[in-house]
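A look at the structure
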Amino acid sequence: MSQARDPRMLAARNILIVAPHADDESLGCGGLAAILARDGRHFHTLFVTDGGASHRNSPTWPRPALAAKRLQEAEDALAILGLGVMPRSFLDLPDADLPEEGSSGWDAALGVIRAVAAGFGPDLVLLPWRRDPHSDHRAAWHLVTQALALEGLTPDRLEYAIWLDELGAADDHPRPGEMRRVSFDIAAAVETKRAAVAAHLSQTTALIDDDPDGFRLDETTIARLTGPIESYWQDGQAD
Ligand SMILES: [Zn+2]
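Keep in mind that what you see is a predicted model, and the values were worked out from it rather than measured.

This paragraph deals with the coordination of the zinc ion. Distances from the zinc ion to its protein donors, His21 (ND1), Asp24 (OD), Asp24 (OD) and His137 (NE2), fall at 2.1 to 2.8 Å. Relative to the metal, the 4 donor atoms surrounding the zinc ion lie at angles of 51 to 141°, and the coordination shape comes out irregular. Mapped onto the sequence, the donors of the zinc ion take the spacing H-x2-D-x112-H. Taken together, the positions of His21 in the loop between β1 (14-19) and α1 (24-38) and His137 in helix α4 (residues 135-151) put the pair 116 residues apart, joining distant regions of the chain.

Below, the structure written as C-alpha coordinates:
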(Lines give C-alpha, C1' and ligand atoms only; values in the text may rest on other atoms or scores of the structure.)
Protein backbone atom coordinates (compact mmCIF):
# COMPACT_ATOMS: atom_id res chain seq x y z
CA MET A 1 0.00 0.00 0.00
CA SER A 2 1.34 3.38 -0.91
CA GLN A 3 0.98 6.37 1.38
CA ALA A 4 -1.43 9.17 0.55
CA ARG A 5 0.67 11.91 -0.99
CA ASP A 6 0.39 15.67 -0.89
CA PRO A 7 -1.06 16.62 -4.32
CA ARG A 8 1.32 19.57 -4.50
CA MET A 9 4.18 17.11 -4.94
CA LEU A 10 2.93 16.57 -8.50
CA ALA A 11 5.07 18.53 -10.93
CA ALA A 12 2.31 19.05 -13.53
CA ARG A 13 1.59 22.62 -14.60
CA ASN A 14 -1.11 22.04 -17.24
CA ILE A 15 -3.74 19.56 -16.17
CA LEU A 16 -6.51 18.30 -18.44
CA ILE A 17 -9.59 16.94 -16.67
CA VAL A 18 -11.78 14.59 -18.69
CA ALA A 19 -15.35 14.27 -17.38
CA PRO A 20 -17.70 11.94 -19.29
CA HIS A 21 -20.61 13.65 -17.52
CA ALA A 22 -21.00 16.81 -15.50
CA ASP A 23 -20.38 15.61 -11.90
CA ASP A 24 -17.47 13.25 -12.75
CA GLU A 25 -15.03 16.19 -12.54
CA SER A 26 -16.02 16.70 -8.91
CA LEU A 27 -16.61 13.08 -7.83
CA GLY A 28 -13.53 11.75 -9.59
CA CYS A 29 -10.86 14.37 -9.08
CA GLY A 30 -12.38 17.39 -7.35
CA GLY A 31 -10.03 17.24 -4.39
CA LEU A 32 -6.85 17.12 -6.41
CA ALA A 33 -8.15 19.82 -8.74
CA ALA A 34 -9.09 22.19 -5.92
CA ILE A 35 -5.73 21.84 -4.16
CA LEU A 36 -3.69 22.23 -7.35
CA ALA A 37 -5.78 25.18 -8.53
CA ARG A 38 -5.01 26.92 -5.21
CA ASP A 39 -1.36 26.15 -5.92
CA GLY A 40 -1.47 28.03 -9.23
CA ARG A 41 -1.66 25.14 -11.66
CA HIS A 42 -3.56 25.53 -14.94
CA PHE A 43 -6.56 23.43 -15.88
CA HIS A 44 -8.69 22.70 -18.89
CA THR A 45 -11.83 20.67 -18.22
CA LEU A 46 -13.36 18.65 -21.01
CA PHE A 47 -16.99 17.55 -20.60
CA VAL A 48 -17.71 14.78 -23.07
CA THR A 49 -21.50 14.26 -23.00
CA ASP A 50 -24.46 16.59 -22.62
CA GLY A 51 -25.75 14.75 -19.55
CA GLY A 52 -29.19 14.67 -21.11
CA ALA A 53 -30.01 11.03 -20.33
CA SER A 54 -30.24 11.13 -16.55
CA HIS A 55 -34.00 11.84 -16.54
CA ARG A 56 -35.33 10.65 -19.89
CA ASN A 57 -39.01 10.64 -18.94
CA SER A 58 -39.42 13.87 -17.06
CA PRO A 59 -42.28 15.90 -18.57
CA THR A 60 -41.00 19.12 -17.03
CA TRP A 61 -37.34 18.65 -17.99
CA PRO A 62 -37.18 17.69 -21.68
CA ARG A 63 -33.73 16.76 -22.87
CA PRO A 64 -32.56 20.23 -24.03
CA ALA A 65 -33.59 21.78 -20.71
CA LEU A 66 -31.85 19.04 -18.74
CA ALA A 67 -28.68 19.38 -20.81
CA ALA A 68 -28.69 23.15 -20.24
CA LYS A 69 -29.19 22.60 -16.51
CA ARG A 70 -26.30 20.16 -16.37
CA LEU A 71 -24.04 22.59 -18.19
CA GLN A 72 -24.88 25.26 -15.63
CA GLU A 73 -24.22 22.81 -12.80
CA ALA A 74 -20.84 22.03 -14.35
CA GLU A 75 -20.03 25.75 -14.40
CA ASP A 76 -21.12 26.10 -10.77
CA ALA A 77 -18.95 23.14 -9.74
CA LEU A 78 -15.91 24.51 -11.57
CA ALA A 79 -16.34 27.85 -9.82
CA ILE A 80 -16.46 26.12 -6.43
CA LEU A 81 -13.35 24.08 -7.23
CA GLY A 82 -11.47 27.26 -8.16
CA LEU A 83 -11.50 26.47 -11.88
CA GLY A 84 -14.15 29.01 -12.83
CA VAL A 85 -11.71 31.28 -14.60
CA MET A 86 -9.95 28.50 -16.44
CA PRO A 87 -10.89 27.13 -19.86
CA ARG A 88 -13.29 24.28 -20.39
CA SER A 89 -14.87 22.56 -23.37
CA PHE A 90 -18.26 20.93 -23.78
CA LEU A 91 -18.36 18.30 -26.51
CA ASP A 92 -22.12 17.85 -26.00
CA LEU A 93 -22.13 14.27 -27.26
CA PRO A 94 -25.37 12.41 -26.52
CA ASP A 95 -25.28 11.00 -23.00
CA ALA A 96 -25.42 7.18 -22.97
CA ASP A 97 -25.41 7.13 -26.77
CA LEU A 98 -21.89 8.04 -27.86
CA PRO A 99 -20.90 7.50 -31.49
CA GLU A 100 -19.37 4.15 -32.39
CA GLU A 101 -15.62 4.01 -32.52
CA GLY A 102 -14.53 4.69 -36.09
CA SER A 103 -17.81 6.40 -37.09
CA SER A 104 -17.90 9.93 -38.46
CA GLY A 105 -19.25 11.15 -35.12
CA TRP A 106 -16.36 9.51 -33.32
CA ASP A 107 -13.84 11.06 -35.69
CA ALA A 108 -15.41 14.48 -35.26
CA ALA A 109 -15.14 14.20 -31.47
CA LEU A 110 -11.57 13.02 -31.84
CA GLY A 111 -10.81 16.10 -33.90
CA VAL A 112 -12.14 18.45 -31.21
CA ILE A 113 -10.22 16.66 -28.45
CA ARG A 114 -7.03 16.71 -30.53
CA ALA A 115 -7.36 20.46 -30.97
CA VAL A 116 -7.96 20.98 -27.24
CA ALA A 117 -5.01 18.78 -26.31
CA ALA A 118 -2.67 20.36 -28.85
CA GLY A 119 -3.64 23.87 -27.78
CA PHE A 120 -3.41 23.25 -24.05
CA GLY A 121 -0.40 20.92 -23.96
CA PRO A 122 -1.25 18.97 -20.81
CA ASP A 123 1.51 17.37 -18.78
CA LEU A 124 -1.07 15.51 -16.68
CA VAL A 125 -4.47 14.14 -17.68
CA LEU A 126 -7.08 13.12 -15.10
CA LEU A 127 -9.47 10.77 -16.88
CA PRO A 128 -11.91 7.96 -16.19
CA TRP A 129 -10.69 4.49 -15.34
CA ARG A 130 -10.40 2.63 -18.65
CA ARG A 131 -12.78 -0.15 -17.59
CA ASP A 132 -15.16 1.78 -15.38
CA PRO A 133 -18.51 0.00 -15.75
CA HIS A 134 -20.26 2.76 -17.68
CA SER A 135 -20.01 2.82 -21.46
CA ASP A 136 -19.54 6.60 -21.62
CA HIS A 137 -16.62 6.45 -19.20
CA ARG A 138 -14.90 3.76 -21.26
CA ALA A 139 -15.54 5.59 -24.52
CA ALA A 140 -14.19 8.83 -23.02
CA TRP A 141 -11.00 7.01 -22.05
CA HIS A 142 -10.60 5.66 -25.59
CA LEU A 143 -11.34 9.01 -27.24
CA VAL A 144 -8.83 10.90 -25.13
CA THR A 145 -6.17 8.21 -25.30
CA GLN A 146 -6.46 8.11 -29.10
CA ALA A 147 -6.40 11.91 -29.38
CA LEU A 148 -3.23 12.17 -27.29
CA ALA A 149 -1.52 9.46 -29.33
CA LEU A 150 -2.50 11.09 -32.64
CA GLU A 151 -1.05 14.39 -31.41
CA GLY A 152 2.11 12.68 -30.19
CA LEU A 153 1.47 13.87 -26.63
CA THR A 154 2.63 11.75 -23.71
CA PRO A 155 1.37 13.41 -20.51
CA ASP A 156 1.18 11.50 -17.25
CA ARG A 157 -2.26 9.98 -16.80
CA LEU A 158 -4.15 9.30 -13.62
CA GLU A 159 -7.40 7.37 -13.96
CA TYR A 160 -10.24 7.80 -11.49
CA ALA A 161 -12.87 5.09 -11.02
CA ILE A 162 -16.44 6.14 -10.29
CA TRP A 163 -18.53 2.97 -10.60
CA LEU A 164 -15.89 0.23 -10.38
CA ASP A 165 -16.31 -0.53 -6.68
CA GLU A 166 -20.11 -0.72 -6.84
CA LEU A 167 -20.78 -2.23 -10.25
CA GLY A 168 -17.52 -3.67 -11.53
CA ALA A 169 -17.17 -7.27 -12.68
CA ALA A 170 -13.93 -9.09 -11.86
CA ASP A 171 -12.57 -8.28 -15.31
CA ASP A 172 -13.16 -4.56 -14.90
CA HIS A 173 -10.61 -4.27 -12.10
CA PRO A 174 -6.91 -3.76 -12.73
CA ARG A 175 -5.08 -7.00 -13.45
CA PRO A 176 -2.01 -8.04 -11.49
CA GLY A 177 0.87 -5.78 -12.46
CA GLU A 178 -1.27 -3.64 -14.79
CA MET A 179 -1.64 -0.50 -12.73
CA ARG A 180 -0.24 1.22 -9.71
CA ARG A 181 -2.51 2.74 -7.05
CA VAL A 182 -1.76 6.40 -6.35
CA SER A 183 -3.54 8.09 -3.46
CA PHE A 184 -3.60 11.73 -2.44
CA ASP A 185 -4.43 13.40 0.86
CA ILE A 186 -7.18 15.87 -0.06
CA ALA A 187 -8.36 16.65 3.48
CA ALA A 188 -7.59 20.34 2.87
CA ALA A 189 -10.18 20.41 0.08
CA VAL A 190 -12.72 17.84 1.15
CA GLU A 191 -15.42 20.39 1.99
CA THR A 192 -14.80 22.15 -1.32
CA LYS A 193 -15.13 18.84 -3.14
CA ARG A 194 -18.38 18.02 -1.37
CA ALA A 195 -19.77 21.46 -2.20
CA ALA A 196 -18.81 20.97 -5.86
CA VAL A 197 -20.57 17.59 -5.94
CA ALA A 198 -23.62 19.16 -4.31
CA ALA A 199 -23.72 21.83 -7.03
CA HIS A 200 -25.05 19.10 -9.32
CA LEU A 201 -28.56 19.52 -7.97
CA SER A 202 -30.18 17.49 -10.75
CA GLN A 203 -28.05 14.49 -9.77
CA THR A 204 -28.01 14.78 -5.99
CA THR A 205 -31.45 16.08 -4.99
CA ALA A 206 -35.14 15.65 -5.80
CA LEU A 207 -35.03 18.69 -8.08
CA ILE A 208 -36.41 16.56 -10.92
CA ASP A 209 -39.09 14.48 -9.24
CA ASP A 210 -41.38 13.49 -12.10
CA ASP A 211 -39.35 10.66 -13.63
CA PRO A 212 -39.67 7.43 -11.63
CA ASP A 213 -36.67 6.03 -13.51
CA GLY A 214 -34.60 9.17 -13.13
CA PHE A 215 -31.01 8.86 -11.97
CA ARG A 216 -29.89 10.08 -8.59
CA LEU A 217 -26.54 9.70 -6.89
CA ASP A 218 -27.19 8.02 -3.59
CA GLU A 219 -25.66 9.05 -0.30
CA THR A 220 -23.48 5.96 -0.09
CA THR A 221 -21.87 6.62 -3.46
CA ILE A 222 -21.27 10.27 -2.63
CA ALA A 223 -19.78 9.39 0.77
CA ARG A 224 -17.53 6.74 -0.78
CA LEU A 225 -16.14 9.23 -3.30
CA THR A 226 -15.78 12.27 -1.05
CA GLY A 227 -13.52 11.05 1.73
CA PRO A 228 -10.18 12.62 2.69
CA ILE A 229 -8.21 10.35 0.35
CA GLU A 230 -8.58 10.48 -3.45
CA SER A 231 -7.19 7.48 -5.31
CA TYR A 232 -6.23 6.91 -8.94
CA TRP A 233 -4.78 4.20 -11.14
CA GLN A 234 -1.57 4.89 -13.01
CA ASP A 235 0.04 2.80 -15.72
CA GLY A 236 2.87 0.67 -14.47
CA GLN A 237 3.86 -2.07 -12.14
CA ALA A 238 1.80 -2.34 -8.98
CA ASP A 239 3.68 -1.53 -5.80
ZN1 LIG B 1 -20.25 9.69 -15.36
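Past the structure itself, the notes keep going.
On to the packing of helix α3 (residues 104-120) against α4. How two helices pack is summed up by the angle between their axes together with the distance between the axes. Contact geometry of α3 with α4 gives a least axis separation of 9 Å together with a crossing angle of 60°. Considering the angle they form, α3 stands oblique to α4. In terms of crossing hand, the pair formed by α3 and α4 is right-handed. Only Ala139, His142, Leu143, Val144, Gln146, Ala147, Leu148, Leu150 and Glu151 of α4 make contact with α3, whose side of the interface consists of Trp106, Ala109, Leu110, Ile113, Arg114, Ala117 and Ala118. Its residues assigned to classes, the contact of α3 with α4 shows 12 nonpolar, 2 polar and 2 charged.

This part covers the nonpolar core. Grouped together as the largest cluster of nonpolar side chains are 40 residues, with contacts concentrated most on Leu32, Phe43, Leu83, Leu126, Leu158, Phe184 and Tyr232. Among the elements that take part in this core, α1 stands out by supplying 8 residues, more than any other. Residue contacts for Leu158: discarding those within four places in its chain leaves Leu32, Leu124, Val125, Leu126, Leu127, Val182, Phe184, Tyr232, Trp233 and Gln234. With 23 residues, the next largest nonpolar core counts Leu93, Ala109, Leu110 and Ala147 among its residues.

Position of Lys193 relative to the elements: it lies in helix α6 (residues 190-198). Within polar-contact distance, the side chain of Lys193 engages the backbone oxygen of Leu225 at 2.8 Å. Not counting residues up to four positions away in its chain, the partners in contact with Lys193 are Ser26, Leu27, Gly30, Gly31, Leu81, Ile186, Leu225, Thr226 and Glu230.

A word on the pairing of strand β4 (residues 124-128). Extensive coverage of β4 is indicated by the burial of 5 of its 5 residues. Summarising the sheet, β1 and β4 pair through 3 bridges and their orientation is parallel. Bridge pairing links Leu16 to Val125 in β4. Pairing between β4 and strand β5 (residues 156-160): 5 bridges, direction parallel. Paired with Pro128 across the bridge in β5 is Tyr160. Crossover handedness for the path β4 to α4 to β5: right-handed.

Procedures and definitions
- Residues numbered from 1 in each chain as written.
- Predicted model: local features only at pLDDT ≥ 70, side-chain atom pairs only at ≥ 80, totals over all residues.
- Heavy atoms only, no water.
- Donors = N, O, S within 2.8 Å, 3.2 Å for Na, K, Ca; no water.
- Tetrahedral: all angles 85-135°; square planar, octahedral: opposite > 155°, others 65-115°.
- Helix = DSSP H or I, 4+ residues; strand = E, 2+ residues; numbered from the N terminus.
- Axes fitted to C-alpha atoms, helices over the stretch in contact; angles between N-to-C directions.
- Parallel < 35°, antiparallel > 145°, perpendicular 65-115°, else oblique.
- Left-handed = near helix turned anticlockwise from the far one by under 90°.
- Contact = heavy atoms within 4.5 Å.
- Nonpolar A, V, L, I, M, F, W, Y, C, P; charged D, E, K, R; others polar.
- Core = buried A, V, L, I, M, F, W, Y, C linked by side-chain atoms within 4.5 Å.
- Buried < 20%, exposed > 50% of the residue type's maximum accessible area, 1.4 Å probe, protein only.
- Polar contact = N/O pair within 3.5 Å; in protein donor to acceptor, adjacent residues only side chain to side chain.
- Pairing = 2+ DSSP bridges.
- Right-handed = clockwise from strand over helix to strand, strands pointing away.

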